[in-house]
Amino acid sequence: MPPIICNTAREAVALIQSGETLWTHSMGATPKLLLDALAEHALTRQDLTLLQLHTECAESLSDPRLKGHLRHRCFFGGLPTRLLLQQGDADYVPIFLSEVPKLFRSGEQPIDTAIVQVSPPDKHGICSLGISVEATLAACQVAGKIIAHINPCMPRTHGDGFIHYDKFAAVFEQSMPLPQHPLAASDETSLAIGRHVAKLVRDGDCLQMGIGAIPDAVLSCLSDHKDLGVHTELFSDGVLNLVEQGVINNSRKKVHPGKLVTGFALGSQRLYDYVDDNPSVVFMDIEQVNDTSIIRKNPNVMAINSALQVDISGQICADSLGTRIYSGVGGQMDFIRGAGLSEGGRSVIALPSTAAGGKVSRIASVLSPGAGVVTTRAHVHYIVTEYGAANLRGKSLRERARALIDIAHPDFREQLCKETFDMWGLRV
């Protein structure tokens, strides 16, 4: 049965009834027009639940008037939901990113309606989920109905993200530019971290990294490397620069050799133009991209991630500031474990040594009360700050403490030594 063709976004979301559980397309494919319409429509409904990863430009759904009408259920917190999560007005679900599609496909998390943004259908009637496949493919496979914003600006990407036009219950078409994240401006601290991480990267490594000032700085320091590959949940313009320089060619990968594998992309229009109809870039279901058993098949996996806080035993907090939820578990452990099992694989947690304008050390004697341990001290490998790299693999607690204090900000080293003895009984 063909979809209902709607003249407005509000008309498209009118199919949503009270009590439904919804999924929204995420990242750069966040269907802003449909979600803005949902913010209005929800006021006429009760007890809607909106499942999501990180969303872009969806602040309309944070309107306090929606309380009782719509509640966010977040697998990853972002700017539109962070305050709601911290106030207890939204729900956070700690889960590995690789497990989210499994949650849907197993039926543990039912979905009534998936809300997506797609490319126009091709001559075969097939649309593309474009720059963000992540868990949305799985959501579409199990949802009772799918409401789609067809956007001619959405790139048609290769890989898993294809969906037939006839699968939609309602469609609304309008051209609208996608949200862009240009390369982050590199500050002195990020560049110093980038240089230290780059020294740990070897020719032929298969990279996973995130987005932001530190990953961009790391990538900018890799111009002299050769034959790098990419198998990552996310990539941005820093990767594209190295592809154009011939540094990234994916030639030594065992899984999808010659192809850049990702779950979603977020960057500039130049990046979106690059992935459009490009068979050398494969957008895959995040259950596959982040599957440890698949990641480990590539040799020399180099996983580069970040954190909010690290304690002197090597525990990594990456999703909260104490008990205040900041982001999510995401794919950090998927890739750190996958890299650890990969032949020649390594992993890095890269972070500035301080926060709050230099007033707080991110390397702490103990984590803040309630801080979420995303990566355990048994999984951690390298920790990098602007002051150097600490290799914690196979090291004792005392050796870890010494190595981490050496890369902490000099202003906090004496205090950390004292606290390490007082709290842990370790002389460093």
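Our subject is the structure listed above.
Below is a summary of the structure that appears in this document. What you see is a predicted model, and the numbers here were worked out from it, not measured in a lab. (Residues numbered from 1 in each chain as written. Predicted model: local features only at pLDDT ≥ 70, side-chain atom pairs only at ≥ 80, totals over all residues. Heavy atoms only, no water.)

### Considering the pattern of salt bridges
When charged atoms on two side chains of opposite charge get close, those side chains can pair.
Then step 1. All told, the structure shown has 16 salt bridges when counted by the stated rule.
Then step 2. Note that Asp91 and Arg71 form a salt bridge whose closest N and O atoms lie 2.7 Å from each other. Placement of Asp91 in strand 5 (residues 91–92) and of Arg71 in strand 4 (residues 70–74) is noted, with a sequence separation of 20 residues between them.
Then step 3. Residue classification places Arg71 among the partly exposed positions, given a relative accessible area of 32%.
Then step 4. A salt bridge links Lys102 to Glu99, with the nearest nitrogen and oxygen atoms 3.8 Å apart.
Then step 5. Among the residues examined, Lys102 registers a relative accessible area of 35% and is labelled partly exposed. (Salt bridge = Lys/Arg side-chain N within 4 Å of Asp/Glu carboxyl O. Helix = DSSP H or I, 4+ residues; strand = E, 2+ residues; numbered from the N terminus. Buried < 20%, exposed > 50% of the residue type's maximum accessible area, 1.4 Å probe, protein only.)

### Notes on the side chain of Asp205
Then step 1. Secondary-structure assignment places Asp205 in the loop between helix 6 (188–200) and strand 12 (206–208).
Then step 2. Given a relative accessible area of 0%, Asp205 falls into the buried group.
Then step 3. A distance of 2.8 Å separates the side chain of Asp205 from the backbone nitrogen of Arg202, its partner in a polar contact.
Then step 4. In this structure Asp205 touches Leu200, Asp227, Leu228, Gly229, Asn300, Met302 and Arg346, once residues within four positions along its chain are discounted. (Polar contact = N/O pair within 3.5 Å; in protein donor to acceptor, adjacent residues only side chain to side chain. Contact = heavy atoms within 4.5 Å.)

### Examining the sheet that holds strand 23 (residues 346–350)
Then step 1. Overall, mixed pairing links the six strands, which are arranged 13-12-18-23-28-29 in an open sheet. Two strands bound the open sheet, and with one partner strand each, they are strand 13 (229–230) and strand 29 (388–391).
Then step 2. Judged from the four bridges that link them, strand 28 (residues 382–385) and strand 29 form a sheet pairing that is antiparallel. Looking at strand 29, one finds that Tyr382 is bridged to Asn391.
Then step 3. Of the strands in this sheet, strand 12, strand 18 (301–305) and strand 23 touch helix 12 (residues 332–341), which is tilted by about 150 degrees from strand 18. (Pairing = 2+ DSSP bridges. Axes fitted to C-alpha atoms, helices over the stretch in contact; angles between N-to-C directions.)

### Quick notes on the state of the cysteines
As used here, a disulfide is simply a covalent bond connecting the sulfur atoms of two cysteines.
Then step 1. Counted by the stated rule, this structure contains zero disulfides.
Then step 2. Here Cys6 stays free of any disulfide, with the sulfur of Cys127 as its closest cysteine sulfur at 14 Å. (Disulfide = S-S within 2.5 Å.)

### Some details on the packing of helix 13 (residues 397–406) against helix 14 (residues 410–424)
Geometrically, a packed helix pair is captured by the angle between its two axes and the distance between the axes.
Then step 1. Relative orientation of the contacting elements helix 13 and helix 14 amounts to 160 degrees, with a least axis distance of 9 Å. It follows from the interaxial angle that helix 13 and helix 14 lie roughly antiparallel. The handedness of the crossing between helix 13 and helix 14 is right-handed. Only Arg413, Leu416, Cys417, Thr420 and Trp424 of helix 14 make contact with helix 13, whose side of the interface consists of Leu397, Ala401, Arg402, Ile405 and Asp406.
Then step 2. Looking at the contact of helix 13 with helix 14, its residues break down into six nonpolar, one polar and three charged. (Parallel < 35°, antiparallel > 145°, perpendicular 65-115°, else oblique. Left-handed = near helix turned anticlockwise from the far one by under 90°. Nonpolar A, V, L, I, M, F, W, Y, C, P; charged D, E, K, R; others polar.)

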